[in-house]
Structure formats: C-alpha cells, structure tokens
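Single-letter residue listing:
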Amino acid sequence: MQFIHRKYLLIYFLIFQILFLKWIALFPNWVEKYYSNGIYGFISIISRNIFGRIPFSVGDVLYGVLIIYILYWLKKNWNKTTKKEKFIASLNLISIVYFLFHLLWALNYYRLPLSQKMVNTFDYLK
C-alpha cells in the first residue's frame, strides 16, 4: 500500500510550493544572494546560449503549443474522463507550470527592493 497515490503527488507538491514561497518571501537577502546572483545567473546564461540567436520569443511559442495541446487534450478526453480526473489533471498541470515559472524567473520577485539596495549602496559610499 502506498502512502501517497502517484496521481496526487504533484498536487501535494503544489501545496508545498505555495507554502515554501510564502516562507522564502521572508528572506529577500537569501533570494538576492543565492538565487538572483547565483542560480539565476546560470539559468540566464544557458537560456541565452540556447535561445539567443532565435529571432522570436521561444517562450511565446511554447505558450501557444501548450494552449493548443490543452485544447486538443480536452477535445479528445472530455467525455472519457470524470470531473474528478479533469480536476486532478488540471491541478497537476498547474503544479508543473507554477514550479517552472518560479524556478526560471519568478523568484526574482522576492529579491531586495531596489530602493533598499540603493540605500545600502549610498551608505557604503559615505
């Protein structure tokens, strides 16, 4: 017998993500030091090397493909699945998108405010 059924795992992960982000917002110095000036630098370099020479927004194309796939999946499976299965699938998709959005960009929203960084800079210059 499994403790957590596999199809609910991403839903639990979504709840964990929300709680984690509420907690991490309390530590903007940590986000600034380890994410914005650390991990995000690598993510930025990798994405620029992979997508920098493409003359259009790859993210917008991925959004379009995702929307088309969701519409296709709904058309194909609308009558085959129950409301509960649709709800679980939707929450699983939201969990994945939410994770990728925060990992690839949105943790920057929890950085130190620019006004606070500027005050610290001017105090250093005195």
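See the structure shown above.
Residues numbered from 1 in each chain as written. Predicted model: local features only at pLDDT ≥ 70, side-chain atom pairs only at ≥ 80, totals over all residues. Heavy atoms only, no water.

### Observations regarding the pattern of salt bridges
- Per the counting criterion, the structure on display carries 1 salt bridge.
- A salt bridge links Arg 111 to Glu 32, with the shortest nitrogen-to-oxygen separation between them at 2.8 Å. Of this pair, Arg 111 sits in the loop between helix H4 (83-104) and helix H5 (114-125) while Glu 32 sits in helix H2 (residues 28-51), and the two are 79 residues apart along the sequence.
- Among the residues examined, Glu 32 registers a relative accessible area of 9% and is labelled buried. (Salt bridge = Lys/Arg side-chain N within 4 Å of Asp/Glu carboxyl O. Helix = DSSP H or I, 4+ residues; strand = E, 2+ residues; numbered from the N terminus. Buried < 20%, exposed > 50% of the residue type's maximum accessible area, 1.4 Å probe, protein only.)

### With respect to the packing of H2 against H4
- The interhelical angle for the contact between H2 and H4, taken along N-to-C directions, is 110°, at an axis separation of 10 Å. Our classification of the angle between H2 and H4 gives roughly perpendicular. Contacts between H2 and H4 pair Tyr 35, Tyr 40 and Ile 43 from the former with His 102, Leu 103 and Leu 104 from the latter.
- Of the residues in the contact of H2 with H4, the class split is 5 nonpolar, 1 polar and no charged. (Axes fitted to C-alpha atoms, helices over the stretch in contact; angles between N-to-C directions. Parallel < 35°, antiparallel > 145°, perpendicular 65-115°, else oblique. Contact = heavy atoms within 4.5 Å. Nonpolar A, V, L, I, M, F, W, Y, C, P; charged D, E, K, R; others polar.)

### Regarding the side chain of His 102
- Of note, His 102 is situated in helix H4.
- Leaving out residues up to four positions away in the same chain, His 102 has contacts with Leu 21, Tyr 35, Leu 107 and Tyr 110.

### Regarding the nonpolar core
- Counting residues in hydrophobic clusters, the biggest one holds 5 residues: Leu 21, Ile 24, Val 31, Tyr 35 and Leu 107.
- Counting residues per element, the ones that place at least two in this core are helix H1 (9-24) and H2.
- In this structure, Leu 21 is in contact with Tyr 98, His 102, Leu 107 and Tyr 110, ignoring residues within four places of it in sequence. (Core = buried A, V, L, I, M, F, W, Y, C linked by side-chain atoms within 4.5 Å.)

### Here's the deal with the packing of H1 against H4
- One way to put it is that H1 packs onto H4 with a least axis distance of 8 Å and a crossing angle of 40°. Classified by the interaxial angle, the pair formed by H1 and H4 is oblique. H1 and H4 meet at a crossing whose hand is left-handed. Residues Leu 10, Ile 11, Phe 13, Leu 14, Gln 17, Ile 18 and Leu 21 of H1 lie in contact with H4, whose contacting residues are Ile 88, Leu 91, Asn 92, Ile 94, Ser 95, Ile 96, Tyr 98, Phe 99 and His 102.
- Classifying every residue of the contact of H1 with H4 gives 12 nonpolar, 4 polar and no charged. (Left-handed = near helix turned anticlockwise from the far one by under 90°.)

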